[in-house]
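Summary of the model geometry
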Amino acid sequence: MTLVKTTIGRRSFMKSSALAGGGLLLGFNWLASCSMTPEEVNNLPKEWFEFNGYLKIADNGQVTIMSPNPEGGQNVKTAMPMIVAEELDIDWKDVIVEQAPLNTDLYNRQFIGGSQAIRTSWEGLRMAGASARHMLKAAAAEAWQAPIEEITTESGQVLHKSSNKSVSYGELASAAAQVLVPEEVELKEIDNFKIIGTSKKNVDGLKIVTGKPLFGIDTHVEGMLTAMIVHPPAFGMKFKSVDEASVKSMPGIRDVFTIKVLDDDYVRQHFDTCTFLEVVAIVGNSTWEVMNAKNAIAVEWEPFETYTEERQPYRGPRQTLTIPSGLESSSDHKVKMAGMASGKAEIVRKDGNPEAAFQNAVKVIERTYTAPFLAHNCMEPMNFFADVKSDSAKLSGPLQKAELTEQAISARLGIPIEQIDIELTRLGGGYGRRSYAHWALEAALISKKVNAPVKLVYSREDDMTGGIYRPAYQVTYKAALDSNNNLTAIHVNAGGIPESPLYADRFPAGAVDNYLAESWTSNTNITIGSFRAPRSNFMASAEQSFLDEVADSAGKDAIDFRLELLARAAKNPVGEKNDYDAERYAGVLNLVKEKSNWGNSDSSTKRGVAAYFCHNSYAAQVVDITWENEKPIIQKVTCAIDCGIVVNPNAASNLCEGGIVDGIGNALYGELTFKDGVPQKSNFNGYRMIRMSESPKEIDVHFVKNDIDPTGLGEPTFPPIFAALANAMYNATGKRFYNQPFISEMEELM
């Protein structure tokens, strides 16, 4: 039996109240944790206790769960209600799931990002379901004059077995609504789970495959106009002038004007990145008519001078950022990164005496890895609907950080947040791109200007050439080996444009006596932002490729070499800041070794392995390839992942598979280059994506079984696949791949 105190939770629950039609309404806070102390709760900001989810039990026994978090394919809209339903002890077929609107009075952290939704919600969701179940039992005990200890529940029924009495949740809901939230509740033992750990279909699945309106691009309102924007063709340029008359007379065009997305004195919050502050807006009756005008309009642009902007990071003090002038090129970026790497870098971590270890080494291995800027390329183009009045605004569209976007819209329009209503639609892809919702602001400003409802739509070219991008990175790894081929030192020097990818406290830190981690950055006017598994997506590729080469040079098996280092980190770790659990890390390597039948592959198949820790989870992968017609054919990927308790196994496997395919495509082909500030690719005819025929023929996903609370899943399988593929390609060709995309180095083999 697991008992949890709800003293904290009682502040998180709304007072239960009878609904107008009967039934129980129970709100709960998704951030409040059962494990928090009362002292910690008293120190929390008041808004942490705002209600951001609801459990409704109707008098017909159906349960409706409002899902506050945006749904972008990660399946939280199904998984989160499963957790509540489990503790409520309701039959899944009686659960209805609805997407909640943005409401900062009720909800907190209506976010997609960081693979943290289930992890941060786990205890609160369980407590919500368990508390509702307790209140139903208490109501039955009162009605039957029976001890509550004798009352049980099963599949939406409350039972008193000794008297053979039973009642449905629906029949009891009104009475239960009068019961106080309990001081403590009993959670189910994991062994008694009936819903968690079973596979449930996506609650939106039927609507998706039958084309029902779910996405922002589906929005249609009577009298709605269509808008598109024209932005500068190059980073480092700004608006100069526009010949509005050149297109205003074209069929269907209502208006042409410029908008300034953010005020000059606005202090940007973490996700207020905006590539081009002043753009030209074209408004018309239809997308086709607006696109024709967009192609015909004459706009002049000019270079901007270096300027500064104030920014408030998500955590930490306010910053003043300098945005440099100039029209940048990728060739210059490579030179700049090489120069920064050879210059003075910031020492982030140092263990032992790495200088002496390298001086005394019998063998030193040094390799440099690079990766280019990447575009997100969401399936659904950026879009947003807005209907702005003088004192209110109604908006709708796909967002990852909705409540933060609402704050920016309120500041820009001068309309109180309580007068802004944002409806959250399903995202047709996010991957970090929809965290930076300048296009929602643009839609609002356009609607305000034309005094009409407007749907703003980006073309693929608008999105691909207007930011936001994964940064360009470079890292140099150096390893020292002694006469017995033991690893004695690691030196990592990592940086990028404009951020460093370094995670100084991750493996192999803590597993080697002498360790040095250095970091550097180089500024740019090319806007960057979160990309699936930020920074990890590059560091895993470089780190795991390098460790593979070190193992090969030492004459050791690739998996055994990693396990040897992890055993050291588990038994006698170096340093105190290591942010990974060495035993769980080793666990996924051992599992993938077993499931892939490592060491016994067909001679025609070449293999590569990689493992990585990020977003609180551990993933290991073995890639099997054959080399045909001068390219890799990916026969199979075996994946082992430790993400704690798996809520919905089939959906979890799908998420892992998606990360693997996405990673392979980016590793082989992903690249966005610049010449004089102009992105050299603007659509899929130039920006190479993975084809269906190039995906793995088989993906075999295995989860480590444990009782650890759930951790991240949307991102952890993405980073290691880069290196697992690179290592397999080495074993097939004898060539190491140091620079992404790998296609550029594959051409040397042709």
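Keep in mind that this is a model prediction, so the values were computed, not measured.

Looking at helix α3 (residues 76–88)
- Its 13 residues give α3 an end-to-end C-alpha distance of 18 Å, which sits within 8% of 18 Å, the value for a rise of 1.5 Å per residue.
- With 13 of 13 residues buried, α3 lies mostly within the body of the structure.
- After α3 finishes, the residue D89 shows a positive phi value of roughly 65°.

Topic: the confidence of the model for the protein chain
- When pLDDT is averaged along the protein chain, the result is 89, and 92% of the positions lie at 70 or above.
- Scored below 50 in pLDDT, residues 7–53 makes 128 contacts in the model with residues more than four places away or belonging to other chains.

Details of the sheet that holds strand β32 (residues 631–642)
- Here we have four strands laid out as an open sheet, ordered β30-β31-β32-β35, and mixed in their pairing. One side of each edge strand has no neighbouring strand; the edge strands of this open sheet are β30 (606–614) and β35 (699–703). The mean inter-strand angle of the sheet, taken between neighbouring strand axes irrespective of direction, is 15°.
- Contacts from helix α18 (residues 718–733) reach β30, β31 (617–628) and β32 within the one sheet, and its direction differs from that of β30 by about 160°.

Let's talk about the environment of E518
- Within the fold, E518 resides in strand β29 (residues 514–521).
- Sequence spacing of E518 and A723 is 205 residues, and the spatial spacing of their C-alpha atoms is 22 Å.
- Leave out the neighbours within four places in its chain, and E518 touches A345, E346, I347, V348, H491, V492, N493, A494 and L502.

Here's the deal with the packing of helix α14 (residues 536–553) against helix α15 (residues 558–571)
- The contact between α14 and α15 brings their axes to 9 Å, and the two run at 105°. In this view, α14 runs roughly perpendicular relative to α15, as classed from their interaxial angle. Contacts from Q544, L547, D548, V550 and A551 in α14 reach A558, F561 and R562 in α15.
- Taken together, the residues of the contact of α14 with α15 break down into five nonpolar, one polar and two charged.

Focus: the pattern of salt bridges
- Counted by the stated rule, this structure contains 35 salt bridges.
- Between R311 and E309 there is a salt bridge, with its nearest N and O atoms 3.2 Å apart. Each member of the pair R311 and E309 is classed as buried.
- Between R584 and D642 there is a salt bridge; the shortest N-O distance is 2.8 Å. Of the two residues, R584 is situated in helix α16 (residues 582–595) and D642 in strand β32; the sequence distance between them amounts to 58 residues.

Calculation rules
Residues numbered from 1 in each chain as written. Predicted model: local features only at pLDDT ≥ 70, side-chain atom pairs only at ≥ 80, totals over all residues. Heavy atoms only, no water. Helix = DSSP H or I, 4+ residues; strand = E, 2+ residues; numbered from the N terminus. Expected span 1.5 Å × (residues − 1). Buried < 20%, exposed > 50% of the residue type's maximum accessible area, 1.4 Å probe, protein only. pLDDT = per-residue confidence, 0-100. Contact = heavy atoms within 4.5 Å. Pairing = 2+ DSSP bridges. Axes fitted to C-alpha atoms, helices over the stretch in contact; angles between N-to-C directions. Parallel < 35°, antiparallel > 145°, perpendicular 65-115°, else oblique. Nonpolar A, V, L, I, M, F, W, Y, C, P; charged D, E, K, R; others polar. Salt bridge = Lys/Arg side-chain N within 4 Å of Asp/Glu carboxyl O.

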